[in-house]
Amino acid sequence: MIRTILILALLTPLAACGEPSSAPAPAPDAASVATEPVSNPTAQPAYVGRWAASPALCASRAWDFRHDGLSAPGDVACRFEGVAALDDGYEIAALCTSQAPPESRRLSLNFGAGARTMSIRGGPAGDALSLVRCET
């Protein structure tokens, strides 16, 4: 008898699994809804291209960003191991060399109005750096 009651007690919650809920799901609040990322996930990332500290340096000291890495003046190179698109930029796990053994870095890329400027934090150049997009 006790066994039968125990089995019924365990099976009763499982019986309700397939039934639809009578209460509607609450609508998400505006703060929890993510906005559109900087770029379409299937398109080329917004950081891809040539960037420099000023338009005058585009010809001689530009940073070349590819979807999978970057190269910069002074023998700096990074291979991107993971890229996450955020609302206002990207977080990138990278393996970088700069005249030294490779080291892991976490790059944070943020864009200004119209994606014409980009700031980089955590890169091999040290402190935060602001770049402008070079015209091709």
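No experiment lies behind these values; they were computed from the predicted model shown.

This paragraph deals with the sheet that holds strand β6 (residues 103-111). Remark on secondary structure: sheet strands pair via backbone hydrogen bonds, oriented parallel or antiparallel. The strand order β1-β2-β3-β4-β5-β6-β7-β8 describes a closed barrel built from eight strands, whose pairing is antiparallel. The average undirected angle you get between the axes of adjacent strands in this sheet is 30 degrees.

What follows concerns the packing of aromatic side chains. In total, this model carries six aromatic pairs according to the counting rule given. Ring plane angle 10 degrees and centroid distance 6.2 Å describe the contact between W63 and F65, whose orientation is recorded as stacked. Assessed through its relative accessible area of 10%, W63 is described here as buried. Grouping aromatic residues by their ring pairs yields a cluster made of Y47, W51, W63, F65, F80, Y90 and F111.

As paired elements, strand β3 (residues 69-72) and strand β4 (residues 76-85) share four bridges and run antiparallel to each other. Across the sheet, the residue bridging to A72 is V76, located in β4. In textbook terms, the turn of a hairpin is the stretch between consecutive antiparallel strands, and for β3 and β4 this stretch comprises three residues, one of which, G74, has a positive phi near 85 degrees. Bridging between β4 and strand β5 (residues 89-98) involves nine bridges; their strand directions are antiparallel. Paired with A84 across the two strands is E91, which belongs to β5. In sequence, β4 turns back onto β5 through a hairpin of three residues.

Bringing the pairing of β3 into the picture now. Relative to β3, strand β2 (residues 63-66) runs antiparallel, the two being bridged by three bridges. Bridged to D64 within β3 is S71. The hairpin formed by β2 and β3 contains two residues between the paired strands.

Moving on, we get to the environment of H67. Along the polypeptide, H67 turns up in the loop between β2 and β3. Look at H67 and you get exposed, because its relative accessible area is 54%. Sequence separation between H67 and V48 is 19 residues; the distance between their C-alpha atoms is 5.9 Å. For H67, the residues in contact, after removing those within four places along its chain, are P45, Y47, V48, F80 and V83.

The rules we used
- Residues numbered from 1 in each chain as written.
- Predicted model: local features only at pLDDT ≥ 70, side-chain atom pairs only at ≥ 80, totals over all residues.
- Heavy atoms only, no water.
- Pairing = 2+ DSSP bridges.
- Helix = DSSP H or I, 4+ residues; strand = E, 2+ residues; numbered from the N terminus.
- Axes fitted to C-alpha atoms, helices over the stretch in contact; angles between N-to-C directions.
- Phe/Tyr/Trp six-rings, centres within 6.5 Å; stacked < 30°, edge-to-face > 60°.
- Buried < 20%, exposed > 50% of the residue type's maximum accessible area, 1.4 Å probe, protein only.
- Contact = heavy atoms within 4.5 Å.

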